[in-house]
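Fold and contact review
Spelled out, the chains give:
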Amino acid sequence: MKLVGKILCTTVVGAALFGVSGFTALASADTVPAVAGRAVEAPGVTDGGPADGTVVTPVDPRLAQRAAAGELTTDQMRIEATRGFTVTNLSGNTLRLTGYSGQAGSDELPTLGSTVPSGGTIRFEITWLWAQTHDVTATFDVVDPAGRDAGMYQLTMRVHSLPFWTEQSSWAMHGSAGAVWGEGQDQYYGDRQGTVIDLPAGQGQAQADVLNRICTAGRATCSFAPTGRDTTAWTGRQQIGQAWGNERKTPYTKEFSATKSVELTQNVEVGASAKLTIGKIFEAAANAKYSTGTTTTETYSDKTTLTVDPGTMTWPVGDFPVIRDTGDFTVTLGNTTWILRDVTFTHPDPSRHATIVWREAPIGSEPVGAVQQVADAGDRIDTAAAS
């Protein structure tokens, strides 16, 4: 790319930009190239940064003039005169920021102790200092999921200032626990190539952490491979509605109703965002494997007219047909692959009929407490639900 137009330089006496007084490079309004924010190559200028990349970005040549005229506050000038660097953690560990060197007072830097989880990012705003090379080095501890020290990661961010543009570059060091890559203003920390983390069914919390933090971060590749299907499963008998008690001295007859929605669930406890993401991944994989559509919500209802004897309470219980699919989730982020074994999804089976029945028991024969699931014999129910 070429820098369009002629560049004119002049001096504004008394203007100061980040510690350099008496000099400001300016360009006439009709010659300022409209390329702000894009990489450019300028004639006679060699990038000359580290091998992993240098970005050349135009600087607004009227910045100091506006500051000298009182059009910009110090904070506004700082915002317009920094270059952002972003670090993305693509490892299975957490990065914890522990130190800086070379920082200037005008830099906008995260506080020490800040952490970057798997799939997360952290951003540094480094000031371009007029006609100077400004290097800031950030040091991180690498912490594994068990909270143990797993190594060190160190990043140096450079902003080299020239008239009318700056050169941004960055490079990184790491211990034996990881790998680094990236260029310019984007850097990535990851595990060593080919790292595989196997999480069996008994590690539900670890599986949930991967799905919650990594699969929903937008940077990982997530897939589900079904390994088995049970088409004869049921939810198990459960109370599905309010209990009604007759405290009169005579029987009364009433039409009772009960409604129950059975939804797609999984055996790994995840948040709403992760539930939506992995639910869609599961549906696509299950439909492709079994060539059948997946019903994610089915509503069952029952209406019946009952005569309730004095001193008696009645309540509905139901047992609903479901399909249980089991399989393995694979999550890939950078150099790391997580395999989550035996994740189970349960979803309604509309091809079979539900069973809804109404139970009876004497009022006051059951303890007051939380609503309980009804069992086959010696049914228990919360008398506080009676009305």
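Residues numbered from 1 in each chain as written. Predicted model: local features only at pLDDT ≥ 70, side-chain atom pairs only at ≥ 80, totals over all residues. Heavy atoms only, no water.

Next up on the list: the pattern of salt bridges. Under the definition given, this model contains 8 salt bridges. Note that E125 is salt-bridged to R123, the shortest N-O span being 3.0 Å. With its nearest N and O atoms 2.9 Å apart, the salt bridge here joins R148 to D144. Members of the salt-bridge network, linked through shared partners, are D198, D328 and R341. (Salt bridge = Lys/Arg side-chain N within 4 Å of Asp/Glu carboxyl O.)

With that settled, the discussion passes to the packing of aromatic side chains. Overall, the coordinates contain 13 aromatic pairs when judged by the stated rule. Seen from their ring centres, F140 and Y153 are 5.5 Å apart, and the 25° between their planes marks the pair as stacked. Taken together, the residues F140 in strand β8 (residues 133-143) and Y153 in strand β9 (residues 149-162) connect sequence positions 13 residues apart. Here the two residues F140 and Y153 agree in accessibility, since each one is buried. (Phe/Tyr/Trp six-rings, centres within 6.5 Å; stacked < 30°, edge-to-face > 60°. Helix = DSSP H or I, 4+ residues; strand = E, 2+ residues; numbered from the N terminus. Buried < 20%, exposed > 50% of the residue type's maximum accessible area, 1.4 Å probe, protein only.)

On to the environment of E125, then. Looking at where E125 falls in the secondary structure, it is placed in strand β7 (residues 121-127). As for E125 and T86, which are separated by 39 residues in sequence, their C-alpha atoms are 8.9 Å apart. Of note is the side chain of E125, whose polar atom sits 2.8 Å from the side chain of T82. In this structure the side chain of E125 is engaged in a polar contact, spanning 3.0 Å, whose partner is the side chain of R123. (Polar contact = N/O pair within 3.5 Å; in protein donor to acceptor, adjacent residues only side chain to side chain.)

With that out of the way, let us pick up the confidence of the model for the chain. Averaged over the chain, the pLDDT score is 76; the fraction of residues at 70 or greater is 73%. Across residues 367-387 the pLDDT falls below 50, and counting only partners more than four positions away or on other chains, this stretch makes 46 contacts in the model. (pLDDT = per-residue confidence, 0-100. Contact = heavy atoms within 4.5 Å.)

For the rest of this paragraph, the subject is the nonpolar core. Counting 26 residues, the largest nonpolar core has L211, F224, F329, V331, W338, L340 and F345 as the members making the most contacts within it. Going through the elements one at a time, α3 (204-215), β14 (221-234), α4 (272-290), β21 (321-333) and β22 (336-348) are the ones with two or more residues in this core. The dominant element in this core, judged by the number of residues it contributes, is α4, at 6 residues. Counting 21 residues, the second largest nonpolar core, distinct from the first, contains I122, A138, V142 and M157. (Core = buried A, V, L, I, M, F, W, Y, C linked by side-chain atoms within 4.5 Å.)

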